[in-house]
Amino acid sequence: MSEHEFDVIVIGMGPGGEDLAGRLAQAGLAVAGVESRLVGGECPFFGCVPSKMMIRAANLLAEAGRVAGMAGRAAVEPSWQPVARRIRDEATDDWDDTVAADRFTGKGGQLFRGTGRIIGPGQVRVDRARPGGGSDGGGGDLLRARRGIVIATGTEPAVPPIPGLAGTPLWTNREAIRATQVPESLIVLGGGAVGVELAQVFARFGARVSVVEALAKLVPLEEPEAGDLLASVFRAGGIGVRTGVAASQVSHDGGSFRVTLAGGEVLTGSELLVATGRRTRLAEVGAGAVGIDESARAIPVDERMRAAPGVWAIGDIVGHGAFTHMSVYHAGIVIADILGQEHHAAEYHAVPRVTFTDPEIGSVGLSEAQARDQGLDVRTGVAQVPATARGWIHKAGNGGFIKLVQDAGSGVLVGATSAGPVGGEVLSMLTLAVHARVPVQRLREMIYAYPTFHRGVEDALTAMG
Ligand SMILES: Cc1cc2nc3c(=O)[nH]c(=O)nc-3n(C[C@H](O)[C@H](O)[C@H](O)COP(=O)(O)OP(=O)(O)OC[C@H]3O[C@@H](n4cnc5c(N)ncnc54)[C@H](O)[C@@H]3O)c2cc1C
């Protein structure tokens, strides 16, 4: 085993780890980055970037379908080949991270390919990755950190213990992103962001799709109105929606899947996408060696992302929202802490998130129910996008709403949802309002450009009374 000493060791080179490791190396620190799979992590290779390329393509098809009755006729022949090619060539370099690895080493960092495991304070053992996967289990490297270790190991797709599911050729997001053709039919387990985004994509490319969500609504972390909106848009688009019912049994006969639902209904599909959440692997990274509870779902951290003396944790693994922007936000805080620079503490009252379905569901801060659970004096206002000037002009594909959640006690918005065409972009002004705690009265006094989608915020304020 060869030994090396660094200022900082970063385990996991996803969006947060890569950003942090590179910026610390640029600042002149000796930095080791440890990565067991692909430098860049889930987002560029299996998550945000390729899925949004799929969505862009699927939305083009949907727009073409809206030409009739508004702009004449459009005949469209969907083809998955340009989508798969774009993901392979433009997004992922055929799942090759050379560009990202070189970017890091070009900043002065040293990359260790393998699985990193903390074996004691300031010490990480790396079992080198074998070409083609796995680790060598033997030699490897022992890394020592003078200043600290950053855990940025993210999450893995979680596969629930449904009888019959294990061992079937199921898809997680990783197989779905690598799909080279559209399945004839697809069952999606899980109606969260990943499930609904991919369900709509494959449906728009011609697959017969059903989504199964055990909770009462699709996108169950969002306002219930968002789940209702998506369910109606999905059904109108030919996607089967089963909510409030869990899968109780799965089987695969070599050709297709059978999913039995709790009520006895049986769904069949040529592919099965499991999108029921993510899991962390705290034991694999040796969190217990620095006193962190390995059985926990996430690593508890303070407002400077400190998890233990000389240990920081960032990104999905700390459980404050599984978003690329969260991981990179955390990275900035840790960089400042390690470099001894002034920096604001982590705060989570205005976390924005977007589900990139059509309509997009953007939201920030608290839902109405969460605000009530916190005992706030809640006032809400809702504007329906089709009833706003721009929504009416837009016509086809204009489903959506803007919902504002005000804490009447403090007179500021504590949450908002913007669903509709470009709902994720309309979200930006609402995020600013929640983040900066702009008084609702000031929002009422503002001028909203006519006829924008964001002018619906003014309508929602009016509805709030
Ligand atoms: C289909 C899909 C779509 C998504 N779309 C969006 C989106 O539109 N917007 C958004 O903000 N977020 C999106 N996300 C979420 C986003 O991808 C994650 O929040 C983000 O990648 C988390 O970054 P991270 O830095 O925490 O870690 P990850 O990206 O999970 O990276 C962690 C890295 O650590 C490595 N690793 C793990 N254990 C070890 C170890 N012991 N040793 C060495 N290396 C290790 C892993 O191989 C991995 O490369 C999406 C996710 C999915 C699945």
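Residues numbered from 1 in each chain as written. Predicted model: local features only at pLDDT ≥ 70, side-chain atom pairs only at ≥ 80, totals over all residues. Heavy atoms only, no water.

A. Highlighting the site of the ligand. What surrounds the ligand is a group of 39 residues, the closest being Glu35, Lys52, Asp316, Thr324 and Ser327. Glu35 is positioned with one of its side-chain polar atoms (N or O) 2.6 Å from an oxygen atom of the ligand. Between the ligand and Ser327 there is a distance of 2.7 Å, counted from an oxygen atom to a side-chain nitrogen or oxygen. Starting from 1000 Å² of accessible surface for the ligand in isolation, the protein chains cover 93%. Contributions of two or more residues to the shell around the ligand are made by helix H1 (15–26), strand S2 (31–35), helix H2 (42–46), helix H3 (48–65), strand S3 (110–120) and helix H9 (324–339). Here the shell around the ligand is built from residues that sort into 13 nonpolar, 18 polar and eight charged. (Near = heavy atom within 4 Å. Polar contact = N/O pair within 3.5 Å; in protein donor to acceptor, adjacent residues only side chain to side chain. Areas by Shrake-Rupley, 256 points an atom, 1.4 Å probe, with all protein chains shown as cover. Helix = DSSP H or I, 4+ residues; strand = E, 2+ residues; numbered from the N terminus. Nonpolar A, V, L, I, M, F, W, Y, C, P; charged D, E, K, R; others polar.)

B. Focus on the pattern of salt bridges. For the structure shown, the criterion picks out 30 salt bridges. For Lys403, the salt bridge identified is with Glu368, shortest N-O distance 2.7 Å. Taken together, the positions of Lys403 in strand S20 (residues 401–407) and Glu368 in helix H10 (residues 368–373) put the pair 35 residues apart, joining distant regions of the chain. Like Lys403, the residue Glu368 is buried in the burial classification. (Salt bridge = Lys/Arg side-chain N within 4 Å of Asp/Glu carboxyl O. Buried < 20%, exposed > 50% of the residue type's maximum accessible area, 1.4 Å probe, protein only.)

C. Fine view of the sheet that holds strand S17 (residues 352–355). Read across the open sheet, the five strands follow the order S17-S18-S21-S20-S19; overall the sheet is antiparallel. Each edge of the open sheet is held by one strand with a lone partner, namely S17 and strand S19 (378–384). Between one strand axis and the next, the sheet turns by 10° as a mean value, whatever way the strands run. Relative to strand S18 (residues 360–365), S17 runs antiparallel, the two sharing four bridges. (Pairing = 2+ DSSP bridges. Axes fitted to C-alpha atoms, helices over the stretch in contact; angles between N-to-C directions.)

D. Looking closely at the environment of Leu376. Within the fold, Leu376 resides in the loop between H10 and S19. Sequence spacing of Leu376 and Asp94 is 282 residues, and the spatial spacing of their C-alpha atoms is 50 Å. Contacts of Leu376, omitting those with residues within four sequence positions, involve Leu366, Ala371, Asp407 and Val414. (Contact = heavy atoms within 4.5 Å.)

E. Local environment of the packing of aromatic side chains. On inspection of all chains with the given rule, the structure shows four aromatic pairs. Arranged with centres 4.9 Å apart and planes meeting at 85°, the rings of Trp80 and Phe205 form a pair that is edge-to-face. You can see Trp80 sitting in the loop between H3 and helix H4 (81–91) and its partner Phe205 sitting in the loop between helix H7 (193–204) and strand S8 (208–213), a full 125 residues away along the chain. Among the residues examined, Phe205 registers a relative accessible area of 10% and is labelled buried. Between Trp171 and Phe202, the ring centres sit 5.7 Å apart and the planes meet at 50°, which makes this aromatic pair tilted. (Phe/Tyr/Trp six-rings, centres within 6.5 Å; stacked < 30°, edge-to-face > 60°.)

F. Highlighting the environment of Pro421. By the element assignment, Pro421 lies in the loop between strand S21 (412–420) and helix H12 (423–436). Given the relative accessible area of 13%, Pro421 is considered buried. Through-space distance from the C-alpha of Pro421 to that of Ala145 is 48 Å; in sequence the pair is 276 residues apart. With sequence-adjacent residues up to four places away left out, Pro421 is seen in contact with Pro359, Val385, His394, Gly397, Asn398, Gly399 and Phe453.

G. Region of the structure containing the side chain of Thr92. In this structure, Thr92 sits in the loop between H4 and helix H5 (98–106). For Thr92, a relative accessible area of 1% corresponds to the buried category.

H. Region of the structure containing H1. With twelve residues, H1 should cover 16 Å at 1.5 Å per step; its first-to-last C-alpha distance of 16 Å lies within 8% of that length. Among the residues making up H1, those that are buried are Gly16, Gly17, Glu18, Leu20, Ala21, Gly22, Leu24 and Ala25. (Expected span 1.5 Å × (residues − 1).)

I. Quick look at unusual backbone geometry. Of note, the amide linkage connecting Asp358 to Pro359 takes the cis form, showing an omega dihedral of 10°. Going from Tyr450 to Pro451, the amide bond is cis rather than trans, its omega being -10°. Following the sequence through the fold, Pro451 ends up in the loop between helix H13 (440–445) and helix H14 (456–464). Phi is positive for Lys395, which is not a glycine, with a value near 60°. We classify Lys395 as exposed; its relative accessible area is 53%. With a phi close to 50°, Arg437 is a non-glycine residue in the positive phi region. On the secondary structure map, Arg437 appears in the loop between H12 and H13. The class of Arg437 is partly exposed, set by a relative accessible area of 47%.

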